[in-house]
Every structure is written in structure tokens, then in C-alpha cells.
Amino acid sequence: MRLILSGVAGFIGSHLADRLLGEGHEVAGLDNFITGKPANIAHLARHPRFRFIEHDVTLPVEAAGPIDGVLHLASPASPKDYLEHPIETLDASSLGTRNLLELARRFEARFLLASTSECYGDPLEHPQSESYWGNVNPVGPRSCYDEAKRFAEALTMAYHRTHGLRTNIARIFNTYGPRMKLGDGRVVPAFLDQALRGDPITIFGDGAQTRSFCYVADLVDGLCRLMLSDERYPVNLGNPDEMTVLEFAQRIQELTGSRSPIVFRPLPEDDPQRRRPDIAKARRVLGWEPRVALEDGLKTTIECFRELGGTAAV
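Residues numbered from 1 in each chain as written. Predicted model: local features only at pLDDT ≥ 70, side-chain atom pairs only at ≥ 80, totals over all residues. Heavy atoms only, no water.

Peer 1: So, the packing of aromatic side chains: which residues are in play, and what are the values?
Peer 2: Under the defined criterion, the tally for this structure stands at 7 aromatic pairs. Measuring from ring centre to ring centre gives 6.0 Å for tyrosine 120 and tyrosine 132, while their planes differ by 20°; the resulting arrangement is stacked. Placement of the pair is tyrosine 120 in the loop between strand S5 (110-116) and helix H4 (143-163) and tyrosine 132 in the loop between S5 and H4, with a sequence separation of 12 residues. The exposure class of tyrosine 120 is buried, given its relative accessible area of 0%. (Phe/Tyr/Trp six-rings, centres within 6.5 Å; stacked < 30°, edge-to-face > 60°. Helix = DSSP H or I, 4+ residues; strand = E, 2+ residues; numbered from the N terminus. Buried < 20%, exposed > 50% of the residue type's maximum accessible area, 1.4 Å probe, protein only.)

What follows is the structure, given as C-alpha cells:
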């Protein structure tokens, strides 16, 4: 297939490009580097089926056909990034989604939206299934991301219902792996960076809040399966194995051999207390579930971070 992939220089986008190219597809990748990194796609510069276009998706996308699929991953995704760029985050999921939906409609192509578990907000239902409508603060500091993605989902469904567009919506839960930015504020890179440098591992809140962590290769496999499916409503993609943030910090200490102490800071506003996907739908519709064990995925990620300059504090 000939595919357009926005956010190609991001953490997940670059891994998805690798997978798609490995399967024999042609990929035109879009990114404006507001949060993506050129280094993530440097290895693709001479790939015969990859073309990079520096472009802001909030502007119309011009392309020569035919195009078989459009995958929209462009958006700041970490709290640090979207709190620094709230308007750009809203634009990427509103104007950007509209522009890429129009591109898909023009060529009668498939369209996949990378949405987020943040659509559930600080959930009152646990674990979170796709039928849950969420508990989101529409005017809080995180609303620039949460509500942007909720709007993007609504717009995607409107194009499906109005124009018969073949659409897919992935609600992505916490994902980790190589190419994450060291300073993006998310739990995995923050804890690993601190542990490898010997700095205190900072937990916001008392550490009792929960998360579940999916390795990026598993997540990409789910996205590829979803892209080829006939499922038009949202599908959760994430790892259902839940643990507290404190337990996770302790696991990081063990795997890095770090003596970094654990310190506690006040919890940010609207930070979700529990996060765990119900993936029954993904199992049923896509035949998908995570396969990479947390310890194995973390070992690979730790080696990547060490190569970036971190040193184990032992």
C-alpha cells in the first residue's frame, strides 16, 4: 500500500514506519519536529520506499495519488510537551485531523486515528472499556490533550457516517520503548533517566496510582492489525497488567542496579489515579494482545537509554 503517516519522527510513529516499510509498503512521513526528533528517522533517509516531508498537519496536505491509507499520529503526547504547547496540541487533533480526513476522502483511502486512553480522563470505571464515556475536566490544564483527542474521535466518526470513509480509532494506553525522549516527563523515561544518572526517582503523589505499560513493538502490531480491520469504533490498545507507580519505580531500581532514592512530590492537577485497559475487544476483533514481558521490554529500553548517555549509578 501507499501510506501517509503523520508524526513519523515521534516515538511511536518512527517504530510504525519501520514496521510498515518492513512489510513492503510505501510510506510518506510527515512531521514538523515540534516534539519529534530527526534522529528517530535518520536510518530511513535512503530507504527506497520512504519519503519524508517536513509539514505541519494543521495546514492542508497536498499529495499525488493513489493513496491507500492515512495514519494520523501527529500530536504532542507527553504531559510536558502538551502543557508547553497547548494550542498546537489542540490544532493537531482538530485542524490536523480534518486535513488528513479530507486527504483520505479525496483518495478513498483508509484512515487510522491514534487516540489515547486520556479520553477516559480520571476514570470512575476500572478497568476502562471502550463503552465508558470518561471523566474528563474540559477546562483543566490537561484538557488541551484530552479534549483534542475526544474531538478528533468525534470528527473521525462524522466522516465515517457522512462520507462512508473507512476509519479506525486506536485508544493508546501507556507505551514505552527505545526512542522515547529522556526529558518528556512520562513515567518510563523519567524514572529511567533519573535512575541511570543516580538522581532521585521522583514520584508525583503517594505512588499508589496505577499504570499499565505496553512495549512499543506490541502496540505497533496492534495498530497494523487495526488498520486492516473493519472495526470503526474505538479499540483499546495497551497492556492490562496493572501496577502501582511505586512498584514500578522499585522495579526500575532493580533492573538498573541504581541506588537512586525515591522521593515524593505533589500530584499534578487531574492526574488519573488508575489506568488499565480492558482489551477484550482487541482480542476478539483483532486477535491481538501484548506479548513482550515488562522486564524484557525494559531491559531493551534501558540499553537504549544508556547509549544516549545515561550511566548506571551503582
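Peer 1: Mind laying out the pairing of strand S1 (residues 2-6), listing which residues take part and the relevant values?
Peer 2: The element S1 is extensively covered by neighbouring structure, given that 4 of its 5 residues are classed as buried. Note that S1 and strand S2 (residues 26-31) share 5 bridges and pair parallel. When the bridges of S2 are listed, arginine 2 appears paired with glutamate 26. Crossover handedness for the path S1 to helix H1 (residues 11-22) to S2: right-handed. One ladder, built from 4 bridges, connects S1 with strand S4 (residues 69-72); its direction is parallel. Following the sheet pairing, isoleucine 4 is matched in S4 by valine 70. (Pairing = 2+ DSSP bridges. Right-handed = clockwise from strand over helix to strand, strands pointing away.)

Peer 1: Tell me about the nonpolar core, and name the residues and values.
Peer 2: Ranked by internal contacts, the top residues of the largest apolar core, which has 55 residues, are Leu16, Leu71, Phe191, Leu223, Leu237 and Phe248. Broken down by element, the residue count for this core peaks at 7 residues, all from helix H6 (residues 216-227). Each residue touching leucine 16, except ones within four places of it in the same chain, is listed here: Leu5, Leu71, Leu73, Val220, Leu223 and Cys224. If you look at the next biggest cluster of nonpolar residues, it comprises 21 residues, including Ala74, Leu113, Met157 and Ile169. (Core = buried A, V, L, I, M, F, W, Y, C linked by side-chain atoms within 4.5 Å. Contact = heavy atoms within 4.5 Å.)

Peer 1: Which residues make up the sheet that holds strand S3 (residues 50-54), and what values go with them?
Peer 2: Strands sit in the order S3-S2-S1-S4-S5-S6-S11 across an open sheet of 7 strands; the sheet is parallel. Among the strands making up the open sheet, the edge pair consists of S3 and strand S11 (235-237). Each strand of the sheet is rotated relative to its neighbour by a mean of 20°, with strand direction disregarded. Across the sheet, H4 touches S5 and strand S6 (167-172), and the angle it forms with S5 is around 155°. Sitting on the sheet, H6 is in contact with S4, S5, S6 and S11, with an inclination near 160° to S6. (Axes fitted to C-alpha atoms, helices over the stretch in contact; angles between N-to-C directions.)

Peer 1: Account for the packing of helix H5 (residues 187-197) against helix H7 (residues 245-256), with residues named and values stated.
Peer 2: Their axes nearest at 10 Å, the elements H5 and H7 cross at an angle of 40°. As the angle between them shows, H5 and H7 are arranged oblique. In this structure, H5 crosses over H7, and the sense of that crossing is right-handed. Only Val245, Phe248, Ala249, Ile252 and Thr256 of H7 make contact with H5, whose side of the interface consists of Val187, Val188, Phe191, Leu192, Ala195 and Leu196. Taken together, the residues of the contact of H5 with H7 break down into 10 nonpolar, 1 polar and no charged. (Parallel < 35°, antiparallel > 145°, perpendicular 65-115°, else oblique. Left-handed = near helix turned anticlockwise from the far one by under 90°. Nonpolar A, V, L, I, M, F, W, Y, C, P; charged D, E, K, R; others polar.)

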